[in-house]
Structure formats: C-alpha cells, structure tokens
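Observations on the model geometry
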Amino acid sequence: MKIKIRQYKPDDAKSLALIYYHTIHNINIQDYTEEQVNAWAPYDSVEDYSGWQRKLAKVKPFVAVIDELPVGFAEFEEYGHIDCFYVHHEWNGKGIGSKLMAAIFEKAAVQNISRIFSEVSITAKPFFEAKGFKTVKEQTVTLRGVEMTNFVMEKML
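A brief report on the enclosed structure follows.

The next thing to look at is the overall build of the protein. Along the protein, the regular secondary structure elements total 6 helices and 7 strands. Scanning the protein from its N terminus toward the C terminus, one meets helices and strands in the order β-α-α-α-α-β-β-β-α-β-α-β-β. The burial tally for the protein puts 46% of its 157 residues in the buried class. Only carbon and sulfur atoms are counted for the fraction: they give 48% of the accessible area of the protein, which is about 8,400 Å².

Quick look at the structure:
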C-alpha cells in the first residue's frame, strides 16, 4: 500500500466532503454525541457539496491517495493554521495522517513558518500530541446551536 500526498484537484471535492462526513459520523462519534456530530457534519453539507468545491478551490488542501483514491486530506493555511484534517474512517490508523502531517511540516519549513496551530477534536488530540503539539487551551465551541469541546493546540518549529 503506497500512500501518495498530492495537491487538491477540483474532481476531489465530493470525495473529500464524504471523507469529512463519514469520519465524523464513524470515528468522532466515539467522543461526541449524535446531536454534536450532526451539528458538526450535517448530511446536507455533503448532499450539496458546492460549498466544499468553493472552499477547497481556495485552500487547496493536501490530499492523501492510494491508487488515486482519496483517503484523507489536510488544509494548511499560509499563516500556519491547520483547518480540516481528516482520514477516511476505513483507512484510519494506517499512516495516512502521519503522511499528511509530514507534508504540512515540510511546507511549513519551506515557508519559514515557526508555529503550526489548530482547533483539535477530543478524538484527534492524541494524534496531534504524538506529533509534538501541545494544548494551549480547552474550549467550548457552538456549531448550529450545539456546544462541543475541542482544543487549541500548537507546535513550534
């Protein structure tokens, strides 16, 4: 199994929207309630994925592929912020997240970014800690009227 990291292509939008939805509903459900995951990733956000097309065209995330099949993605913004970072629920634990994070670290080094940060779910916190991130603060966020906990985490390079 060879994991390749490449830049986003417009044809990826639907696959990435589905990865987002299914990862939250199959993996993050371990740490969040059904009400919380439905607020975080409502089905209509993937049913009409035109919003994803616009967002991803601007951010141009890294996409992890196996045999050209998208299995994960990570949005890394030019000022050091990781927004979306998701691995397909059926491919979780196979090194895909590590490859995506390595691509982020490499890009940060090339762009002389000294601080990488993100708002990380309860579920993703151990992964980010294993990659050297430290918790800045725990916070409660509200999405579609539903409160949930996440963590602001950072890594200094």
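Direction vectors running N to C along helix H1 (residues 13-26) and helix H4 (residues 50-59) enclose 105 degrees, while the axes themselves pass 9 Å from each other. Our classification of the angle between H1 and H4 gives roughly perpendicular. Each of Ala13, Leu16, Ala17 and Tyr20 in H1 lies in contact with H4, whose residues at this interface are Trp52, Gln53 and Leu56. Class assignment for the residues of the contact of H1 with H4 results in 6 nonpolar, 1 polar and no charged.

Strand order across the open sheet formed by 7 strands is S1-S2-S3-S4-S5-S7-S6, with mixed pairing between neighbours. Taken across any chain shown, the strands that pair with only one partner, and hence form the sheet edges, are strand S1 (3-7) and strand S6 (134-143). Along the sheet, successive strands turn relative to each other by an average axial angle of 30 degrees, direction set aside. Relative to strand S4 (residues 81-87), strand S3 (residues 69-76) is paired through 4 bridges, and the arrangement is antiparallel. Pairing of Phe73 across the sheet is with Tyr86, part of S4. Here H1 sits on the sheet and contacts strand S2 (62-66), S3 and S4; the angle it forms with S3, its principal contact strand, is near 85 degrees. Packing against the sheet, helix H5 (residues 96-110) makes contact with S1, S2, S3, S4, strand S5 (115-121) and strand S7 (146-156), and its axis sits at approximately 160 degrees to S4.

When the terminal C-alpha atoms of H1 are compared, their 20 Å separation across 14 residues agrees well with the 20 Å that a helix rising 1.5 Å per residue should span. Summarising the contacts, the buried residues of H1 are in contact with helix H2 (34-40), helix H3 (44-47), H4, S2, S3 and S4.

With that settled, the discussion passes to the side chain of Asp12. Mapped onto the elements, Asp12 comes out in the loop between S1 and H1. Here Asp12 is in contact with Arg6, Gln7, Val63 and Pro70, once residues within four sequence places are set aside.

Summed over all chains, the structure comprises 12 aromatic pairs. An aromatic cluster of at least three residues, connected via ring pairs, comprises Phe85, Phe105, Phe127, Phe128 and Phe133. Arg115 extends its terminal NZ or CZ atom over the ring of Phe117, reaching a point 4.3 Å from the ring centre. A cation sits over an aromatic face here: Lys125 above Phe151, 4.8 Å from the ring centre.

Rules used in this analysis
Residues numbered from 1 in each chain as written. Predicted model: local features only at pLDDT ≥ 70, side-chain atom pairs only at ≥ 80, totals over all residues. Heavy atoms only, no water. Helix = DSSP H or I, 4+ residues; strand = E, 2+ residues; numbered from the N terminus. Buried < 20%, exposed > 50% of the residue type's maximum accessible area, 1.4 Å probe, protein only. Areas by Shrake-Rupley, 256 points an atom, 1.4 Å probe, with all protein chains shown as cover. Axes fitted to C-alpha atoms, helices over the stretch in contact; angles between N-to-C directions. Parallel < 35°, antiparallel > 145°, perpendicular 65-115°, else oblique. Contact = heavy atoms within 4.5 Å. Nonpolar A, V, L, I, M, F, W, Y, C, P; charged D, E, K, R; others polar. Pairing = 2+ DSSP bridges. Expected span 1.5 Å × (residues − 1). Phe/Tyr/Trp six-rings, centres within 6.5 Å; stacked < 30°, edge-to-face > 60°. Lys NZ or Arg CZ within 6 Å of the ring centre and 35° of its normal.

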